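Working through the structure, step by step
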Amino acid sequence: MRKTNADDPVIVVRGLRSAFGEQVVHDGIDLSVRRGEILGVVGGSGTGKSVLMRSIIGLQVPVAGEVEVFGESTVNREEIDLTGLTKRWGVLFQGGALFSTLTVAENVQVPIREFYPDLEGALLDEIAAYKVVMTGLPADAGPKFPAELSGGMKKRAGLARALALDPELLFLDEPTAGLDPIGAAAFDELTASLQKTLGLTVFLITHDLDTLYAICDRVAVLADKKVIAVGTIDELLALDHPWIQEYFKGPRGRAAIATVHTNEERAQAKGSS
Ligand SMILES: Nc1ncnc2c1ncn2[C@@H]1O[C@H](COP(=O)(O)OP(=O)(O)OP(=O)(O)O)[C@@H](O)[C@H]1O
């Protein structure tokens, strides 16, 4: 295993090319994710955000290119044992991807059982209960089945499972999709607070401009089969790419900026009162 330093990027993608038959999705993706940051990943529908995430975690074999997580390659997974790495990351897939026949607590226990088959039931229950509460679910959500939960609760249950093994790196694929604005804002707050408390690095795919403004340190933009820009929102706003301008300065972008300003004014008013 290669020796890594604390300030090495957690994820490095170089020259990634992905295709499904004739359809080329990525044609030379380069991207670095820094330790401890929340990186937002945006792009039009079908630009390959989820495929990029799947390629990083070794679920999608690229046609060419290299991906390293914590300094270790995740491509060609037939030849590479990812067991050590998968313990270090947690994934919230689009829609939560909970097992519908298992309770919330049992869902959370799935990755724990996989990696620690000898753990006793009582300890598993205790860990699951802790993760459930940690994601803001009521303690009585543990014995419930996914069908008994609201959309927001399902996302939190998926997050509890993603955090089951105390990961250092968290992948979130459109975590606020389908949530009402209040639920989405609450989920953003939860993500930011967990990131801070647990020192996580977060790779966050989203269409939600409010999320980008509220919690992302930097944003990577996928377009034209590449990452066309990475930076803070201010840095991106200074670029004249048409998609970036339309996305951030269109009606929804302007509304998100207005919300940020209103929140800042409220915070200032609170501070001075
Ligand atoms: N398993 C697969 N087989 C064939 N094509 C696929 C597969 N997975 C993804 N694709 C294609 O790759 C492209 C990128 O898909 P992906 O899901 O990564 O897009 P996305 O940017 O995440 O989109 P959205 O924002 O709508 O979720 C799409 O055209 C999709 O149809």
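Residues numbered from 1 in each chain as written. Predicted model: local features only at pLDDT ≥ 70, side-chain atom pairs only at ≥ 80, totals over all residues.

- In the nomenclature of an unreviewed UniProt entry, the protein chain is known as ABC transporter ATP-binding protein of Sphingomonas echinoides.

1. Points about the site of the ligand
- Around the ligand, the surrounding shell consists of F20, V25, G43, S45, G46, T47, G48, K49, S50 and V51.
- With three residues, the single largest contributor to the shell around the ligand is helix α1 (residues 49–56). (Near = placed C-beta within 6 Å. Helix = DSSP H or I, 4+ residues; strand = E, 2+ residues; numbered from the N terminus.)

2. Let's talk about the sheet that holds strand β4 (residues 64–69)
- Pairing is antiparallel across the open sheet formed by four strands, whose spatial order is β2-β1-β4-β5. The outermost strands of the open sheet, each flanked by one partner alone, are β2 (23–33) and β5 (72–73).
- Relative to β5, β4 runs antiparallel, the two sharing two bridges. Note that in β5 the partner of V69 across the bridge is E72. (Pairing = 2+ DSSP bridges.)

3. Some words on the sheet that holds strand β8 (residues 201–205)
- The strand order β6-β7-β8-β3-β9-β10 describes an open sheet built from six strands, whose pairing is mixed. Each end of this open sheet is capped by a strand with a single partner; those strands are β6 (89–92) and β10 (226–231). Strand after strand, the sheet turns through a mean of 15° between neighbouring axes, direction not considered.
- In the packing of α1 onto the sheet, the strands contacted are β3 (38–43), β7 (169–173), β8 and β9 (218–223), and the crossing angle to β8 comes to about 145°. (Axes fitted to C-alpha atoms, helices over the stretch in contact; angles between N-to-C directions. Contact = placed C-beta atoms within 7 Å.)

4. Observations concerning the packing of helix α3 (residues 104–115) against helix α5 (residues 151–162)
- One way to put it is that α3 packs onto α5 with a least axis distance of 8 Å and a crossing angle of 30°. As far as their axial angle goes, α5 and α3 are roughly parallel. α5 is crossed by α3, and the crossing has right-handed handedness. Judged by residue contacts, V104, N107, V108, V110 and P111 of α3 engage A157, A160 and R161 from α5.
- The class makeup of the residues in the contact of α3 with α5 is six nonpolar, one polar and one charged. (Parallel < 35°, antiparallel > 145°, perpendicular 65-115°, else oblique. Left-handed = near helix turned anticlockwise from the far one by under 90°. Nonpolar A, V, L, I, M, F, W, Y, C, P; charged D, E, K, R; others polar.)

5. As for the pairing of β10
- Both β9 and β10 contribute to a ladder of five bridges, which runs antiparallel. Its bridge partner lying in β10, V219 is registered against G231.

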